[in-house]
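# Per-entry structural report
Chain residues, written in single-letter form:
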Amino acid sequence: MARRPVAWVGAIILLVEAVGIALLNWFLGLVVDKQDMSLAGLDPRAMTVSTWIAGVLFGGYLALCAVVLIRTAVRDRAPGTFGRLLLISCAVVHGLLGAFSVGLVGWAAFVFMMVVLGLVVLTLVAYEKKAQQDGAVAAPQAA
């Protein structure tokens, strides 16, 4: 079955996305800083730093999801409870971002988000099915 390759591809795409998000926020922070922009009287430096912090946090979140997928692929076992919850939240985030991006960015961004969503969900479903099959095989031998 293609469980491991799907998990590996999902992990690689999430790592690339994490770096892309971090770099995008770094660039946006520089733009705000260089143009000395302000929103509703906020300090421009605070906006710059908060943009950088948001990039690090969201990039770190995506990188952590990628680490869970890498660990899943290496061990060829379903992720634990924390990993499963993290991947489910990652799938939800990509679904929401896909819905927003189709109107704001375009169909290419929507397709990318749906591909990542599909890879994460396919990994979760395939490994859950494998865990159920392994449990069904092990149960009759114990009796």
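This section reports on the structure supplied with the text. Given the structure is predicted, the values throughout are model-derived calculations rather than measurements.

### Some thoughts on the nonpolar core
- Formed by 16 residues in total, the largest nonpolar core has its most connected members in L14, Y61, C65, L69, L87, C90 and V120.
- Elements with a contribution of two residues or more to this core: α1 (3-35), α2 (44-75), α3 (81-104) and α4 (107-142).
- Aside from chain neighbours lying at most four places away, what touches L69 is A7, G10, A11, L14, L87, V120 and T123.

### Structural notes on α3
- For α3, which comprises 24 residues, the first-to-last C-alpha distance of 34 Å matches the rise-based estimate of 34 Å (1.5 Å per residue) to within 8%.
- Every buried residue of α3 is accounted for by G83, L86, L87, C90, A91, H94, G98 and S101.
- In the stretch just after α3, G106 is the one whose phi turns positive, near 135°.

### Some remarks on the packing of α1 against α2
- Across the interface, α1 lies against α2 with an axial gap of 8 Å and an inter-helix angle of 175°. When the axes of α1 and α2 are compared, the pair comes out roughly antiparallel.
- Split into classes, the residues belonging to the contact of α1 with α2 amount to 25 nonpolar, 7 polar and 4 charged.

Each value, and the rule that gives it
Residues numbered from 1 in each chain as written. Predicted model: local features only at pLDDT ≥ 70, side-chain atom pairs only at ≥ 80, totals over all residues. Heavy atoms only, no water. Core = buried A, V, L, I, M, F, W, Y, C linked by side-chain atoms within 4.5 Å. Buried < 20%, exposed > 50% of the residue type's maximum accessible area, 1.4 Å probe, protein only. Helix = DSSP H or I, 4+ residues; strand = E, 2+ residues; numbered from the N terminus. Contact = heavy atoms within 4.5 Å. Expected span 1.5 Å × (residues − 1). Axes fitted to C-alpha atoms, helices over the stretch in contact; angles between N-to-C directions. Parallel < 35°, antiparallel > 145°, perpendicular 65-115°, else oblique. Nonpolar A, V, L, I, M, F, W, Y, C, P; charged D, E, K, R; others polar.

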